[in-house]
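This is what each chain is made of:
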Amino acid sequence: MKRKEFKSRDYYSASLERKEDLDYLLKNEESIIFAIYCAGVSIECMLRAYITNYTKEFDSKHNLNNLYNKSLISQKLNESEKKKMLLSITTANKLWDNNLRYTSKVRMKRMIVHNMARAKFKNIDKFLKSQYTDFFKSTDYIIEKGEEKWN
Amino acid sequence: MELIDKIKEILSELKLENPIFDLNYDKSKNIFGYIYDPIYEGDEDERYQKEIWECLKNGLSTEEFVKILSIIPENKDERLKRVFNSTPLEKITHKFFMHETPEKDKYWVIIDVTKTEDAHKAIMILSNYNRKINQANQLIYSKEMIEFMELNQEDIYDELVTNAYNNIEGKLVADLMKRHNDIESKGVFGKENRFLYTYQDFHLASIAEKEIYFDNTEIQFFEDWYHVLDEYSIIDDLKKRVEVSKMKLKLTQEIKPSS
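Worth saying up front: this structure is predicted, and the values here are computed from it rather than measured.

### A short note on the sheet that holds strand 3 (residues 68-74) of chain B
Each strand in a sheet pairs with its neighbour through backbone hydrogen bonds, running either in the same direction (parallel) or in the opposite one (antiparallel).
Alright, step 1. A sheet is described by the order of its strands in space; here three strands give the open sequence 1-2-3 (chain B), paired in mixed fashion. Lying at the two open borders of the sheet, with one neighbouring strand each, are strand 1 (20-25) and strand 3 of chain B. Averaged over all adjacent pairs, the angle separating strand axes in this sheet is 10°, with direction ignored.
Alright, step 2. Pairing between strand 2 (residues 31-36) of chain B and strand 3 of chain B: six bridges, direction parallel. In the strand pairing of strand 3 of chain B, I31(B) is matched with I68(B).
Alright, step 3. The sheet strands contacting helix 3 (residues 64-71) of chain A are strand 2 and strand 3 of chain B, and the helix crosses strand 3 of chain B at an angle near 170°.

Next up, the structure:
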C-alpha cells in the first residue's frame, strides 16, 4: 500500500491498534524497547490522523513536537488539557526515536546510562522507573485525549 | 508589533542566560516553536513549561494567547537532534580538538577518560576566550552503571570518550548556532551568513599534539584546569604543550626588532 493512500481514519485505527499491542508488550519486561517503539508509533499515528484531516502534506520526520503542532489538536483542548498534552508530548518525544527499531537492548542501556550521568542521577532503578513511568503515562494521556476529541 | 516579537519580549522576563528563539507561524497564523537555553539542561521540564506558559498568559491578551500551539523549552541535545535529526556516534581516537571560526577565534576542546577506585570519569573542557567560554564538565559512571551498560574492560574507554565527544561537540555547535542566529537577526541570510556551515557540514576536528600552540590567554585558561585534570593522563600532554607554547611565545617576542 502506498503511503498516499492512508486516510485519516487509517491512522486513527492504527493508533488504537498499536496502543493495544503496547498494552500486550508491557506485560513482558523483556519487550520494553519494542514497547517504547510501539508507544511512539501509536502517538505518531494519532497525530497523523488529525493532520490528515485537513492536509495531504506528509511530514516524513518523526519529531512528535512538530507533529503535535501540525495536528492542531491543541485547538480542541482547554487550557489545562493543553498544558498537560504539551508536557506529555515533550516527555514522549525525549525517549521516542524512530531508530529504536534498530536499537539493541545493550545500546539502549548505554544510552540511558549516558543520560543518567548527564543528569547526575545515581540510582539506576529509580531513574529507569521514572523514565518509563513518565513515558507510558504520557502515551496513555495522548491517546486518550486523541480518542476523546476525535470528530 | 508582530506577535512573535511580542512573545520574545515577554519571555525576556524569564531571565534566561543565553536564549535562542525558534518561533514560527503556521498557515493559520498560529505560533509554535522552541526556546533553547543553557538553563534547560536540568530535568525539570514541567517547571520550565509552566514558567513559559504563565509568563505568556500574563503578558498576552486572550486572543493572542489562544494563537500559541506550543513553545517548548529544549536543551542542547534536544536542539541538535531536532535540527540535525541525528546524534553522531563514531570512534574517537584523539583528546585534543580545535575549531577556528571564520572570525579567526578558536574553540579548544579537551576530552579524556580515567578510572578511579570507585568509578570511571569522563572530562570535557571547552574554551574560547573571545566568547568568554572556559568550562569543564565531568561525567561520573559508578561501578553499578558500568556493569549495567554491559561493557567489557576494553570497550569502556571508547564508549565513554565517544559520549564525551558528542556532548562537547554539541555544546560547541550550540554556541556556533547562537552566532549564526545573531547574525541572521541583523538581516544577513543564507550564504552571506558566515556561520551557515554550522547547519551544513560542521564536524569538530582533532588536532595533532605537535601542532598545538596556545597564546597567553589560552595558557592561563588551561592552567586553571590543571587541578581538575590531575587524575587524567592528558595532564602530562597538556602541560607539555603549554610549556612549548610559552617557549614559542618567548622566542617570538625576542626576535621582534627594537624600535
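Following the structure, the description resumes.
### Quick look at the domain arrangement of chain B
All names here are of chain B.
Alright, step 1. Domains assigned within chain B are domain 1 (3-78) and domain 2 (96-250).
Alright, step 2. Relative placement of domain 1 and domain 2: their C-alpha centres are 30 Å apart.
Alright, step 3. Taken together, the contact between domain 1 and domain 2 spans five residues of the former and six residues of the latter.

### Concerning the pairing of strand 6 (residues 119-128) of chain B
Residue and element names in this part refer to chain B.
Alright, step 1. In terms of residue burial, strand 6 counts as a mostly covered element, since seven of its 10 residues are buried.
Alright, step 2. Relative to strand 6, strand 5 (residues 106-115) is paired through eight bridges, and the arrangement is antiparallel. Directly across from V109, in strand 6, lies its bridge partner L126.
Alright, step 3. The loop that links strand 5 with its antiparallel partner strand 6 comprises three residues.
Alright, step 4. Examined bridge by bridge, strand 6 and strand 7 (residues 133-142) share 10 bridges and lie antiparallel to one another. Across the sheet, residue I125 finds its bridge partner in strand 7, namely A136.
Alright, step 5. Joining the antiparallel neighbours strand 6 and strand 7 is a turn of four residues, in which K132 adopts a positive phi near 55°.

### Regarding the interface of chain A and chain B
Alright, step 1. Each partner contributes residues to the interface: chain A has 22 residues there, and chain B has 23 residues.
Alright, step 2. Listed by contribution, the elements that provide at least two residues to the side of chain A that touches chain B are helix 3, helix 4 (79-95) and helix 5 (105-118) of chain A.
Alright, step 3. When residues in the side of chain A that touches chain B are grouped by element, the largest group, eight residues, is from helix 5 of chain A.
Alright, step 4. For the side of chain A that touches chain B, a count of residues per class yields nine nonpolar, seven polar and six charged.

### Side note on unusual backbone geometry
All names here are of chain B.
Alright, step 1. With a phi close to 55°, K15 is a non-glycine residue in the positive phi region.
Alright, step 2. Among the secondary structure elements, K15 is positioned in the loop between helix 1 (3-11) and strand 1.
Alright, step 3. Unusually for a residue other than glycine, K104 sits at a positive phi of about 70°.
Alright, step 4. Here K104 is to be found in the loop between strand 4 (96-100) and strand 5.
Alright, step 5. Take K104: there are 7 C-beta atoms within 10 Å of it, and that puts it in the exposed class.

### A short note on the confidence of the model for chain A
Alright, step 1. Overall, the prediction assigns chain A a mean pLDDT of 89, with 97% of residues at 70 or greater.
Alright, step 2. Per-element mean pLDDT across chain A ranges from 87 in helix 5 of chain A up to 96 in helix 1 (residues 8-25) of chain A.

### Considering the sheet that holds strand 5 of chain B
Residues and elements named next belong to chain B.
Alright, step 1. Spatially, the four strands line up as an open sheet ordered 4-5-6-7, and their pairing is antiparallel. At either end of the open sheet lies a strand with only one pairing partner, and these are strand 4 and strand 7. For this sheet, the mean angle separating the axes of adjacent strands, direction not counted, is 10°.

### Looking at the nonpolar core
All names here are of chain B.
Alright, step 1. Judged by nonpolar contacts, the single largest core of 50 residues is most densely connected at V109, I111, A122, M124, V161, A164 and I168.
Alright, step 2. The biggest single contributor to this core is helix 6 (residues 153-184), with nine residues.
Alright, step 3. Counting residues domain by domain, this core receives three or more from each of domain 1 (3-78) and domain 2 (96-250).
Alright, step 4. When residues no more than four places from it in sequence are discounted, the contact partners of V161 are I92, I111, V113 and A122.

### A closer look at the environment of Y107(B)
Residue and element names in this part refer to chain B.
Alright, step 1. The residue Y107 is located in strand 5 in this model.
Alright, step 2. For Y107, a count of 21 C-beta atoms within 10 Å gives the class buried.
Alright, step 3. Beyond its immediate chain neighbours, meaning those up to four positions away, Y107 contacts M98, H99, L126, N128 and L172.

About the criteria used
Residues numbered from 1 in each chain as written. Chains lettered and ligands numbered in written order. Predicted model: local features only at pLDDT ≥ 70, side-chain atom pairs only at ≥ 80, totals over all residues. Pairing = 2+ DSSP bridges. Helix = DSSP H or I, 4+ residues; strand = E, 2+ residues; numbered from the N terminus. Axes fitted to C-alpha atoms, helices over the stretch in contact; angles between N-to-C directions. Contact = placed C-beta atoms within 7 Å. Domains from an automatic or database assignment. Buried ≥ 20, exposed ≤ 12 C-beta atoms within 10 Å, placed from the backbone. Nonpolar A, V, L, I, M, F, W, Y, C, P; charged D, E, K, R; others polar. pLDDT = per-residue confidence, 0-100. Core = buried A, V, L, I, M, F, W, Y, C linked by C-beta atoms within 7 Å.

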